[in-house]
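Here's the letter readout for the chains.
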Amino acid sequence: MKNTKKTTRRKIGEDSTLNEYERQRLENIRRNEEVLRQLDIPEIVRSINLKKLKQKRVYKVQWPSEPTRHSLRIRGFTPDGAVAKREAEKKEERREREKRVRLKADLVKSELMSIDGVDDDNDFVDLLSKMTKSSDNENIISDETDYSCIPGGVNGFKAVQRIYSSLGIATEWSTVNVTPDRIYCIAVHPSKEKVLVAAGDKNGCLGFWDVRENIKSEYDEDQPRTYAFQAHTRTITSAMYSPTDSNHLYTCSYDGSIRSFDFNQAKFMDTFIYGEDDDDSEYFLSSMDMDPNGQRIYFSTNHGHFGIKDIREPAEKFTEYKLHEDKIGCISINKIHPQYLVTSSRDRTMRLWDIRKLNSEPEIQQFKYKAAVTSAYWSPNGNQVVSTCFDHILRVFDFNEECDLKLRHQIPHNNKTGRWVTMFRATWHPNPNVHPHFIIGDMLKAAEIFSGIDGELIWTLRDEGLKAIPAVNAFHPNLNLIVGGTASGKMCAWEEMPKSPPLEGIKSMPRPVVVINNYSH
């Protein structure tokens, strides 16, 4: 007999096991069904396709079609084979060759690169004309030197300290973007009427900043007056104005060339070409200086070479000498006795030379350090040298009557800039009529000024709006103004502001100064 399972629908209220909540729920269901039967709702619901209501709209993203990638193995090459290696080397050589191609001479019209939206050629040419007029009857630095104020007594030190304690940020912006990349060098135009600053960066861009004048943007807002040119294809290592003509700005670069920017003609011109366009790093120009007459350019290379170039001769003609076994990072010519040259090198030495004897025995002295020497500069009076080294010591030397350098002071200073900050270089104030002093960047986002006489810290410049380290700094030769450059291509300017509250300088405790009376080298 076949068993069948019968199911009966339990009527509401028949099951005594239901609790009060369940009975109330079933009662609500019965009442709702009764209302639906009266409204004929079931007929309407059955006429609607419920499947369509349950479907969700799907949005499909149409990705751009890309070509199918094939590996070297599918294309018939061995991935680690000679063919693939040769192709990769050729591609890399082509890429490097394109980077090393030098630029043409005339760059003002065709190579103007916009910074902060400024791209008006005529505006820049107008600025150059103003600079030319202001420089017609103005010497860079007075030839008459008052040596009576130089010995560095208390009055001279206090006067300089008073000036720098009153400096403040000269612009409404704490920093101004002047170049696209890290700043390596700064040159300040000597004009008193208009403050024009030039800066060279890591990728060969030369930026100009008119410190005291702004321009209007398209929204009628003030913005800095800056301009930038692709003057070189590699790092600009040095920039300086001619000692006799401030309308000529000279720059040297790792691309193996020295170029001059003529304010009168508003264009760049090749002054010196070292090697061919497709040569490698042995032709890097690492530093540059000029003689007091502005007729000779002295340069150094990445491989320890020193060269002399007469700008009156063709660009390819020069003389060259091997002075160091490693990179010469800095060279400096004595402005009073131009036959004396001081060099600093990565081989951990600083050396004094007599360039009149380069063909025989030119070396006069050699000082050995514990680390690479990043810079060594003569003072504007020609009687002192300050050197910067990675051993965290600033050294000040005296140049005596026997034409020897004698160590005067050792100043502890943190010079560990690392990979992303430009190396610190202590540089002198170019005016020989003031108390001898020099400036250097500080890792605490500041700039420090030291006395060349006693090695004491004169003043520390800092600002709350300065968010980076001013690693490169320069004095204005004729005004109480200092400019600094950072690794982000931004610059700041400290200027004397008598009508404004002075910048809150931080005068540190006197640093330990080592005075050496009997120094042997």
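Residues numbered from 1 in each chain as written. Predicted model: local features only at pLDDT ≥ 70, side-chain atom pairs only at ≥ 80, totals over all residues. Heavy atoms only, no water.

(A) Highlighting the environment of Pro470. Looking at where Pro470 falls in the secondary structure, it is placed in the loop between β27 (457-461) and β28 (472-475). Ignoring sequence-local partners within four residues, the contact set of Pro470 consists of Gly441, Lys445, Ala446, Ala447, Gly484, Gly485, Thr486 and Trp494. (Helix = DSSP H or I, 4+ residues; strand = E, 2+ residues; numbered from the N terminus. Contact = heavy atoms within 4.5 Å.)

(B) View of the pattern of salt bridges. One pass over the full model with this rule turns up 17 salt bridges. When the shortest N-O distance is used, the salt bridge between Asp210 and Arg225 registers 3.4 Å. Here Asp210 is found in strand β6 (residues 205-216), whereas its partner Arg225 is found in strand β7 (residues 222-230), with 15 residues between them in sequence. Each member of the pair, Asp210 as well as Arg225, carries the same accessibility label: buried. Arg312 is the salt-bridge partner of Asp310, the closest N and O atoms lying 2.8 Å from each other. Residue Asp310 is classed as buried on the basis of its relative accessible area of 14%. Judged by relative accessible area, which is 57%, Arg312 ranks as exposed. In the salt-bridge network here, residues are joined through shared partners; they are Lys194, Asp210, Glu213 and Arg225. (Salt bridge = Lys/Arg side-chain N within 4 Å of Asp/Glu carboxyl O. Buried < 20%, exposed > 50% of the residue type's maximum accessible area, 1.4 Å probe, protein only.)

(C) Layout of the environment of His337. For His337, the location among the structural elements is in the loop between β16 (328-333) and β17 (340-345). In this structure His337 comes out as partly exposed when scored by relative accessible area, which is 34%. Taking C-alpha positions, His337 is 9.4 Å from Pro292, a pair spaced 45 residues apart along the chain.

(D) Molecular detail of the sheet that holds β16. Ordered by their spatial adjacency, four strands build an open sheet running β16-β17-β18-β19, and the pairing between neighbours is antiparallel. With partners counted over all chains shown, the strands left at the sheet margins are β16 and β19 (363-368), one partner each. Between one strand axis and the next, the sheet turns by 15 degrees as a mean value, whatever way the strands run. (Pairing = 2+ DSSP bridges. Axes fitted to C-alpha atoms, helices over the stretch in contact; angles between N-to-C directions.)

(E) Representation of the sheet that holds strand β8 (residues 236-241) within the structure. Strand order in this open sheet of four strands is β8-β9-β10-β11, and the pairing throughout is antiparallel. Every other strand in the sheet has two partners, leaving β8 and β11 (267-273) as the edge strands with one partner each. The mean angle between the axes of side-by-side strands here comes to 25 degrees, regardless of whether they run parallel or antiparallel. Where β8 meets strand β9 (residues 248-253), five bridges bridge the pair, whose relative direction is antiparallel. Counterpart to Ala239 in the pairing with β9 is Thr251.

(F) Examining unusual backbone geometry more closely. In the Ramachandran plot, Ala266 falls in the positive-phi region, its phi being about 55 degrees despite a non-glycine side chain. Of note, Ala266 is situated in the loop between β10 (257-262) and β11. In this model, Cys403 sits at a positive phi of 60 degrees, which is unusual for a non-glycine residue. You can see Cys403 is positioned in the loop between β22 (393-399) and β23 (405-412). A relative accessible area of 22% means that Cys403 is categorised as partly exposed.

(G) Representation of the nonpolar core within the structure. Core analysis: the largest hydrophobic core is formed by 31 residues, its most contacted members being Ile186, Val197, Trp209, Phe438, Phe450, Val483 and Met491. Where this core is concerned, the elements lending two or more residues are β4 (183-188), β5 (196-201), β6, β22, β25 (437-442), β28, β29 (481-485) and β30 (490-496). Sorting elements by how many residues they give to this core places β4 first, with three residues. Grouped together as the second largest cluster of nonpolar side chains are 21 residues, Phe124, Ala198, Phe208 and Phe268 included. (Core = buried A, V, L, I, M, F, W, Y, C linked by side-chain atoms within 4.5 Å.)

(H) Structural detail: the UniProt feature "repeat: WD" (unreviewed entry) in the protein chain. If you check UniProt for "repeat: WD" (unreviewed entry), the listed places come out as residues 229-271 and 321-356 in our numbering. End C-alpha atoms of residues 321-356 are separated by 12 Å, and the span's content is 0% helix alongside 56% strand. (UniProt positions renumbered as here; feature names shortened; annotations may be inferred.)

(I) Representation of the packing of aromatic side chains within the structure. For the coordinates displayed, the defined rule picks out 22 aromatic pairs. Where Tyr164 meets Phe475, the ring centres are 6.2 Å apart and the plane angle is 45 degrees; that geometry is what we call tilted. Here the residue Tyr164 occupies a position in helix α6 (residues 154-165), and Phe475 occupies one in strand β28, the gap between them amounting to 311 residues. With a centroid separation of 5.0 Å and 75 degrees between ring planes, the pair formed by Phe272 and Phe318 is classed as edge-to-face. Here Phe272, found in strand β11, pairs with Phe318, found in the loop between β14 (305-310) and β15 (319-322); they are 46 residues apart in sequence, far enough to count as distant. (Phe/Tyr/Trp six-rings, centres within 6.5 Å; stacked < 30°, edge-to-face > 60°.)

(J) Inspection of the pairing of strand β13 (residues 296-301) at higher detail. The buried fraction of β13 amounts to five of the six residues, a majority that puts the element mostly inside the structure. Bridge count between strand β12 (residues 285-290) and β13: five bridges; the pairing is antiparallel. The residue of β13 that forms the bridge with Met290 is Ile297. Hairpin geometry of β12 and β13 is characterised by an intervening segment of five residues between the two adjacent antiparallel strands and by a positive phi of about 70 degrees at Gly294. Alignment of β13 against β14, held across five bridges, turns out to be antiparallel. Bridge pairing links Phe299 to Gly307 in β14. Between β13 and the antiparallel strand that follows it, β14, lie three residues; Gly304 among them carries a positive phi value of about 85 degrees.

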